[in-house]
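# Structural characterization, general
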Amino acid sequence: MSDLRVRIHDRVTGAEVAMPSGQVQPGRLYFAPGDLALTCDGVPVVPGSYLIQHRSWTLRNEDNGTTTSGEPMRADADTTSGQVIFNLGRELRELDGKPVEQWAVRTPLMGGSELDQRLHLLRLDKALTETLPALRSACHRPVTRLRSVERFVPIGQVRQIVPRAIAELSARSQDWARMTPSGVRPARLLSPVRESDLDFYENRMLAQLVDGLWAHARNRLSDVERIFRLLREIGTYADAAGGRPWRDSQRLFHIIADLYEKSERNKQAQELSALFADLRDVLAGLRGPSILPGVRRDADLGSALRSTNVLTNDARYRQAADLRRVWVAESAGTEDPERPQQWCEAFTFYAGLLLVHALDLVGLETSGSLGRGRTLLMGDLAMDWDDADVFVLRCGTRTLLRVVPLAHPFTASRQAGPVGHEIDVLQAARPTARTLVLYPGENSERTVLPLDVRLRAFQGCEAPAPTISGRPLALLPVSPLEIDSVIRLARSLRWAIVRERVEAYPVRVMCDRKLANALAEGSEWLTATPDGLLLRRPPAPYELQDAVRRVESSAPLRVGTRGPAGIDQLRTDLTAAAFEASETTRCPLCHTPCADPIRAVRLRDNDTFATHCVSCDQAWEIRRCAGCSSPFPVLHTRKEPPAPAHGDTLDRTFGSEMLTSRCWIRPAATLCPLCSKCPEPSSATCNRCSPVPT
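On a predicted model such as this, the values are computed, not experimentally measured, just so you know. (Residues numbered from 1 in each chain as written. Predicted model: local features only at pLDDT ≥ 70, side-chain atom pairs only at ≥ 80, totals over all residues. Heavy atoms only, no water.)

From N to C terminus, the chain includes 20 helices and 27 strands. Relative to all contacts within the chain whose residues are 6 or more apart in sequence, the contacts with residues 24 or more apart total 68%. Accessible surface for the chain amounts to roughly 31100 Å². Of this, 49% is attributable to carbon and sulfur atoms. (Helix = DSSP H or I, 4+ residues; strand = E, 2+ residues; numbered from the N terminus. Contact = heavy atoms within 4.5 Å. Areas by Shrake-Rupley, 256 points an atom, 1.4 Å probe, with all protein chains shown as cover.)

Below, the structure written as structure tokens:
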């Protein structure tokens, strides 16, 4: 087993962990190559797999015999969104290691071909509509059998008594009519009667079939309604594109082109929705208490039906049996033990596709190949797909953002308690670097949650929930049925990239104190400190040349024993610092360097500045948080913040062009994206900072 040795890696924290126990969020723990020989339920654990089980599990260390066990937390891929991700991820598996250009032509939404397939009747749908009359007839007038039972019946209806009738009568005075001198005259006696019996094999098959088809009709109705919402959202997006940021609209139109070009899909979705609503209602009526009473619906019948006289000779039951065979065939494979692993892998590949489109939306030109162990290049930035299926955005050796695809549907239960608990478990993690967790989730799941839980279930890097207390962990729902999934991811990526630039402001240069005072004298862009210089804005070319000339002329007098080597180093440091300062003023939207820093950059107190990009006409600034003193970028926009300003409304209003969320009471104020502190007084009534219970 030397080639099967692993280590247990927590993908959220980025650290190695000991053997887990209890409930583990699906996809969070990853078995990377290591030095442990582990088995899960007796099967050797292989590198490159996830700890995800659809049943209780036992993990054993074969080296020392240590065992732990846990309960399942199933990641359900059987929803419409999950099925699309599953199918899309399996297709993307073929692009592992291929050039990024081949990834970029794939849409992260439900593809047109799959959408058309779901908007047509499936094999089971056709069989159900054709067989429904026979099924209804069999349920309302089922085959029955007579069985002999003993019942207390009125004396006038007694035709035969059983041996224990007298003993029962003597013990039940309520069944006496009256007492006579000769004895008791009974009102009722225990007598054998025959009654209809429905609880046998064929009717159990019928009851289970109705239950299964009712669930199928509900799922198909939900499926079609989600598709209809997607088509309506795309139509609304196209109609309202003028109100959205033009950069977002320009880049996203090619993603939705395949879905928008066929107008008949809306009509198909409406017709199918009406059909499945009718089927659901009819099948719900066949599950009522007066239909097949007393039949055990949970009996184990197996997958294959055995041949019986009723199933062979009764045409209604024969058609129902054929329908059940189709239903079983369509349902096969959902309990495949490999499916949970495949689901986690598929979601990771889907997240990779989202990242490709999000980076394009940010305006970065990517090159190279995308796949496990590969690196995507974007100028001075890079994105690694590491050996734990985590995407790492970095600048040189510095990590800007870790993107962790976690295939656990946090909001699937739609209940505030369980959803809040799951998020609490996740937020308890302490990753070493800023981390963004992507999970499968839909808008319909979030809308039913209380506002405080909804804010925690959708908190990008730029708009943290009010309760995160500075934790470097963000949480984003994504779905192939929501076009804004790419937009919200791009917003977090843009924040991480710009945040890295503003963290370097103001740029420092270490030098002799006397020399620093001499260079900063009369200069607007330089400030002297006890240990060197601060560059408060990028210098114009002539300003940098003048500073270098002053270094060379002042160095023999000011730098003492540093000598010529010290002079050269200071000249190099100053030139490098000037370039780094120019990077801090690069436009967050079009990424154009500031061409005229003297006019465009307006210095402010507390080491902040405001600037304006002449290339795209975008104004932005750097502010400092009053709570944690951290600098953060703020984009100025002409649009009013939505109310309430949770993630979904931010998608529709600002798209990807937002770096910091606004205060819900005073939009001119901004929330700190690092500590989530609001600058408004704590006594102010605010649904975000003091959410009203719902």
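Picking up after the structure, the text goes on.
In the structure shown here, the tally under the stated rule is ten aromatic pairs. Ring centres of tryptophan 103 and phenylalanine 349 lie 6.2 Å apart, and the angle between their planes is 5°; on these two criteria the pair is classed as stacked. Of this pair, tryptophan 103 sits in helix α2 (residues 100–104) while phenylalanine 349 sits in helix α11 (residues 339–362); the two residues are 246 residues apart in sequence, bridging distant segments of the chain. Judged by its relative accessible area of 0%, tryptophan 103 falls in the buried class. We classify phenylalanine 349 as buried; its relative accessible area is 0%. With centroids separated by 5.7 Å and ring planes inclined at 75°, the aromatic side chains of phenylalanine 609 and tryptophan 620 adopt a geometry described as edge-to-face. (Phe/Tyr/Trp six-rings, centres within 6.5 Å; stacked < 30°, edge-to-face > 60°. Buried < 20%, exposed > 50% of the residue type's maximum accessible area, 1.4 Å probe, protein only.)

By the definition in use, this model includes 44 salt bridges. Where arginine 60 meets glutamate 62, a salt bridge forms, and the shortest distance between an N and an O atom there is 3.4 Å. Classification of glutamate 62 by relative accessible area gives partly exposed; the value is 35%. Of the charged contacts, one joins arginine 488 and aspartate 648 as a salt bridge, the two residues approaching to 3.8 Å between their closest N and O atoms. (Salt bridge = Lys/Arg side-chain N within 4 Å of Asp/Glu carboxyl O.)

Now for helix α12 (residues 416–427). In this model, α12 (twelve residues) spans 16 Å end to end at C-alpha, consistent with the 16 Å of a helix rising 1.5 Å per residue. Within the span of α12, buried status applies to Val419, Gly420, Glu422, Ile423, Leu426 and Gln427. Projected onto a plane normal to the axis of α12, the buried residues spread over an arc of 160° and lie on a single side. Buried-residue contacts for α12 involve β19 (435–440), α14 (451–457) and β20 (473–478). (Expected span 1.5 Å × (residues − 1). Arc of directions from axis to C-beta.)

A separate point is the packing of helix α4 (residues 123–140) against helix α8 (residues 264–285). As a packed pair, α4 and α8 sit with axes 12 Å apart at the nearest point and diverge in direction by 35°. Note that α4 runs across α8; the crossing there is left-handed. Contacts from Asp125, Leu128, Thr129, Leu132, Leu135 and Arg136 of α4 reach α8 at Leu275, Phe276, Leu279, Val282 and Leu283. Looking at the contact of α4 with α8, its residues break down into eight nonpolar, one polar and two charged. (Axes fitted to C-alpha atoms, helices over the stretch in contact; angles between N-to-C directions. Left-handed = near helix turned anticlockwise from the far one by under 90°. Nonpolar A, V, L, I, M, F, W, Y, C, P; charged D, E, K, R; others polar.)

The next thing to look at is the sheet that holds strand β23 (residues 532–535). Strands sit in the order β21-β23-β22 across an open sheet of three strands; the sheet is antiparallel. Of all strands in the sheet, those with a lone pairing partner are β21 (507–510) and β22 (526–529), marking the two edges. When the angles between neighbouring strand axes are averaged without regard to direction, this sheet yields 25°. Here four bridges tie β22 to β23, and the two strands are oriented antiparallel to one another. (Pairing = 2+ DSSP bridges.)

Looking at the chain as a whole, its pLDDT mean stands at 84, while 88% of the residues score no less than 70. Ignoring residues within four places in sequence, the model shows residues 556–561, a span with pLDDT below 50, making seven contacts including any to other chains. (pLDDT = per-residue confidence, 0-100.)

Moving on, we get to the sheet that holds strand β17 (residues 391–395). Spatially, β9-β14-β15-β16-β17-β18-β19-β20 is the arrangement adopted by the eight strands of the open sheet, whose pairing is mixed. Each edge of the open sheet is held by one strand with a lone partner, namely β9 (98–99) and β20. As defined by bridge partners, strand β16 (residues 381–385) adjoins β17 across five bridges and the pair is classed as antiparallel. Counterpart to methionine 383 in the pairing with β17 is leucine 393. Contacts from helix α15 (residues 484–503) reach β16, β17, β18 (398–405), β19 and β20 within the one sheet, and its direction differs from that of β18 by about 160°.

Every other side chain in a regular strand lies on the same face of the sheet, so the side chains alternate between the two faces. Relative to strand β12 (residues 183–186), strand β11 (residues 176–180) is paired through four bridges, and the arrangement is antiparallel. Note that in β12 the partner of arginine 178 across the bridge is arginine 185. Taking the residues between adjacent antiparallel strands as the criterion, β11 and β12 are bridged by two residues.

A few words on the state of the cysteines. Here a disulfide denotes one covalent bond, and it connects the sulfur atoms of two cysteines. The final tally for this structure, using the stated rule, is zero disulfides. Of the cysteine sulfurs around cysteine 587, a residue in no disulfide, the closest is that of cysteine 616, at 3.5 Å. (Disulfide = S-S within 2.5 Å.)

Here the focus is the side chain of aspartate 384. Looking at where aspartate 384 falls in the secondary structure, it is placed in strand β16. Given the relative accessible area of 17%, aspartate 384 is considered buried. Within the structure, aspartate 384 has its side chain in polar contact with the side chain of threonine 375 (distance 2.7 Å). A polar contact is formed between the side chain of aspartate 384 and the side chain of arginine 394, at a distance of 2.6 Å. (Polar contact = N/O pair within 3.5 Å; in protein donor to acceptor, adjacent residues only side chain to side chain.)

Here α11 spans 34 Å end to end across 24 residues, near enough to the 34 Å set by a 1.5 Å rise per residue. Most of α11 sits out of view: 21 of its 24 residues are buried. Within two residues after α11, glycine 363 carries a phi angle of roughly 100°, on the positive side.

Right, let's talk about the environment of serine 690 for a bit. Relative to the helices and strands, serine 690 resides in the segment after α20 (647–654). Through-space distance from the C-alpha of serine 690 to that of aspartate 452 is 8.7 Å; in sequence the pair is 238 residues apart.

A large share of strand β3 (residues 29–33) lies buried, amounting to four of its five residues. In terms of strand pairing, strand β1 (residues 6–10) meets β3 through five bridges, oriented antiparallel. Each residue of the ladder has a partner; that of isoleucine 8, found in β3, is phenylalanine 31. In this sheet, strand β6 (residues 49–50) lies alongside β3 in antiparallel orientation, the contact comprising two bridges. The residue bridging phenylalanine 31 from the neighbouring strand is serine 49, located in β6.

Below, the discussion takes up the side chain of serine 479. Mapped onto the elements of the fold, serine 479 is located in the loop between β20 and α15. Once residues lying within four places of it in the same chain are set aside, the contact partners of serine 479 are Ser81, Tyr350, Gly441, Glu442 and Ser485.

Examined against the element boundaries, arginine 11 turns out to sit in the loop between β1 and β2 (15–16). A sequence separation of 393 residues divides arginine 11 from valine 404, and the C-alpha atoms of the two residues are 6.8 Å apart. The contact partners of arginine 11, leaving out residues within four places of it in the chain, are Gly27, Arg28, Tyr30, Tyr50, Thr348, Ala388, Asp389, Val390, Arg402, Val404, Pro405 and Leu406. Reaching out from arginine 11, the side chain makes a polar contact with the backbone oxygen of proline 405 at a distance of 2.9 Å.

Take the nonpolar core next. For soluble globular proteins, nonpolar side chains are generally found buried alongside one another. Counting residues in hydrophobic clusters, the biggest one holds 78 residues, and the most contacted among them are Trp103, Met383, Leu438 and Leu493. Considering each element in turn, this core owes the most residues, 15 residues, to α11. Once residues within four sequence positions are removed from consideration, tryptophan 103 is found in contact with Leu92, Leu95, Asp96, Lys98, Phe349, Gly352, Leu353, Val356, His357, Leu370 and Trp385. Counting 48 residues, the second largest nonpolar core, distinct from the first, contains Leu124, Ala207, Leu283 and Trp327. (Core = buried A, V, L, I, M, F, W, Y, C linked by side-chain atoms within 4.5 Å.)

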